[in-house]
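Okay, here's what each chain looks like letter by letter:
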Amino acid sequence: MSHTAVSGNEKSPLKPTTARGEATRQKLLAAAEDAFGNTGFFRASISDITRAAGVAQGTFYLYFRNKEDVLAELVRHMGRELRRMLAHSIPPGLSRLDAEREGMAAFIRFVGKRRNLYRVVQESLFVDEQIYKDYYMDFARGYISALEKSVEKYEIRDGDLDVWVWVLMGTAHFLGLRYGLWQNEGLNEAELDAVMDFIRNGIAIRSSETP
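Residues numbered from 1 in each chain as written. Predicted model: local features only at pLDDT ≥ 70, side-chain atom pairs only at ≥ 80, totals over all residues. Heavy atoms only, no water.

Looking now at the layout of surface pockets. Taken as a whole, the largest pocket holds about 750 Å³ of empty space. Per-element tally for the lining of the largest pocket: the top contributor is helix H7 (residues 129-152), with nine residues. Residues that form the lining of the largest pocket fall into these classes: 19 nonpolar, six polar and seven charged. (1 Å grid on protein atoms, 1.4 Å probe; cavity = no way out; pocket = protein on both sides within 12 Å on 5 of 7 lines; lining within 4 Å. Points joined across faces, edges and corners; volume = space filled by probe spheres on them. Helix = DSSP H or I, 4+ residues; strand = E, 2+ residues; numbered from the N terminus. Nonpolar A, V, L, I, M, F, W, Y, C, P; charged D, E, K, R; others polar.)

Below, the structure is given as structure tokens:
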């Protein structure tokens, strides 16, 4: 048997103990990502997932209890993948605003490449709100820490960083929908300039622009 038994906490994940078991689990996750992303969580069935993964239906239950279990793991996977991607996409030593520009462009490219996975995250709101909430809260905590360090280095001014983080995350989310998920072309340089102008200056009229 290629998984560990569950004891105590019912929600503890079923973890494979062999490389072969982990490979099978990853095949199931990839198949679920496609099934949920293409047809939706509620319409996709476990048999759809196992058929696409090329395994017997009973094999599913060696690694996951139900579809909700798979969804939760995919959302956690999205969070890990996104943080890893951003860490590799933003060169060390950049100022905060330059890092925001690189991170925004990289995020939208990521959404375009992992469209089904991003759809899975959005659909989790209607399956288990706590999974959805945890995804964003975890990301926000790391983001706030990065902004705090930038304040200490006088790269950005101080303010209500918790609110600012959610404003920035909201901006990235809807740009990701528009230019990554729906249009799937990413942001061109002029559009990225417009995003950064908004982040730097907001929507207030500057003194030089007053009639």
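Still to come is the rest of the account.
The next point concerns the packing of aromatic side chains. The full count for this structure, using the stated rule, is eight aromatic pairs. With a centroid separation of 5.2 Å and an interplanar angle of 90°, the aromatic rings of Phe-41 and Phe-42 are classed as edge-to-face. The class of Phe-41 is buried, set by a relative accessible area of 2%. On the accessibility criterion, Phe-42 (57% relative accessible area) is exposed. Measuring from ring centre to ring centre gives 4.7 Å for Tyr-135 and Tyr-136, while their planes differ by 90°; the resulting arrangement is edge-to-face. Tyr-136 matches Tyr-135 in its accessibility class, with the two residues each being buried. Each residue in the set Phe-36, Phe-41 and Phe-42 is aromatic and connected to the rest through ring pairs, giving one cluster. Looking at Lys-67, its charged tip hangs above the ring of Phe-41, at a distance of 4.5 Å from the centre. The ring of Tyr-179 is capped by Arg-178, whose NZ or CZ atom sits 4.7 Å from the centre of that ring. (Phe/Tyr/Trp six-rings, centres within 6.5 Å; stacked < 30°, edge-to-face > 60°. Buried < 20%, exposed > 50% of the residue type's maximum accessible area, 1.4 Å probe, protein only. Lys NZ or Arg CZ within 6 Å of the ring centre and 35° of its normal.)

So, about the side chain of Thr-50. Secondary-structure assignment places Thr-50 in helix H2 (residues 46-53). With near-sequence residues (within four places) excluded, Thr-50 lies in contact with Leu-28, Val-55, Ala-56, Gln-57 and Phe-60. (Contact = heavy atoms within 4.5 Å.)

A word on the nonpolar core. Ranked by size, the top nonpolar core spans 58 residues in total, and within it Leu-28, Phe-36, Ile-49, Val-70, Leu-74, Leu-82 and Met-104 carry the most contacts. Per-element accounting of this core gives the leading share, ten residues, to H7. Met-104 has contacts with Thr-171, Ala-172, Leu-175, Leu-187, Leu-192, Val-195 and Ile-199, leaving out every residue within four places of it along the chain. (Core = buried A, V, L, I, M, F, W, Y, C linked by side-chain atoms within 4.5 Å.)

Together, Glu-68, Asp-128, Glu-129 and Asp-134 give the surface a local cluster of negative charge. As for its placement among the helices and strands, Glu-68 is situated in helix H4 (residues 67-89). (Patch = residues over 30% accessible without salt bridge, like charges linked within 9 Å, V, L, I, M, F, W, Y side chains within 5 Å. Areas by Shrake-Rupley, 256 points an atom, 1.4 Å probe, with all protein chains shown as cover. Salt bridge = Lys/Arg side-chain N within 4 Å of Asp/Glu carboxyl O. Lys, Arg positive; Asp, Glu negative; His and termini not counted. Charge placed at Lys NZ, Arg CZ, Asp CG, Glu CD.)

Along an α-helix, a turn takes 3.6 residues, which lines up residues three or four apart on a common side. Under the 1.5 Å per step criterion, the end-to-end length of H7 is 35 Å for 24 residues, consistent within 8% with the ideal 34 Å. If you check which residues of H7 are buried, you get Ile-131, Tyr-132, Tyr-135, Tyr-136, Phe-139, Ala-140, Tyr-143, Ile-144, Leu-147, Ser-150 and Val-151. Where H7 starts, the residue carrying a side-chain oxygen 3.1 Å from the main-chain nitrogen of Gln-130 turns out to be Asp-128. (Expected span 1.5 Å × (residues − 1). Polar contact = N/O pair within 3.5 Å; in protein donor to acceptor, adjacent residues only side chain to side chain.)

It is worth spelling out the environment of Phe-64 at this point. As for its position among the elements, Phe-64 is in the loop between helix H3 (57-63) and H4. You can call Phe-64 buried: its relative accessible area is 2%. Leave out the neighbours within four places in its chain, and Phe-64 touches Leu-14, Arg-25, Leu-28, Leu-29, Asp-69, Val-70 and Glu-73.

Before going further, it helps to examine the pattern of salt bridges. Tallied over the full model, the rule gives 14 salt bridges. Here Arg-96 and Glu-100 are joined by a salt bridge, their closest N and O atoms 3.1 Å apart. With a gap of four residues between them, Arg-96 and Glu-100 both fall in helix H5 (residues 96-113), about one helical turn apart.

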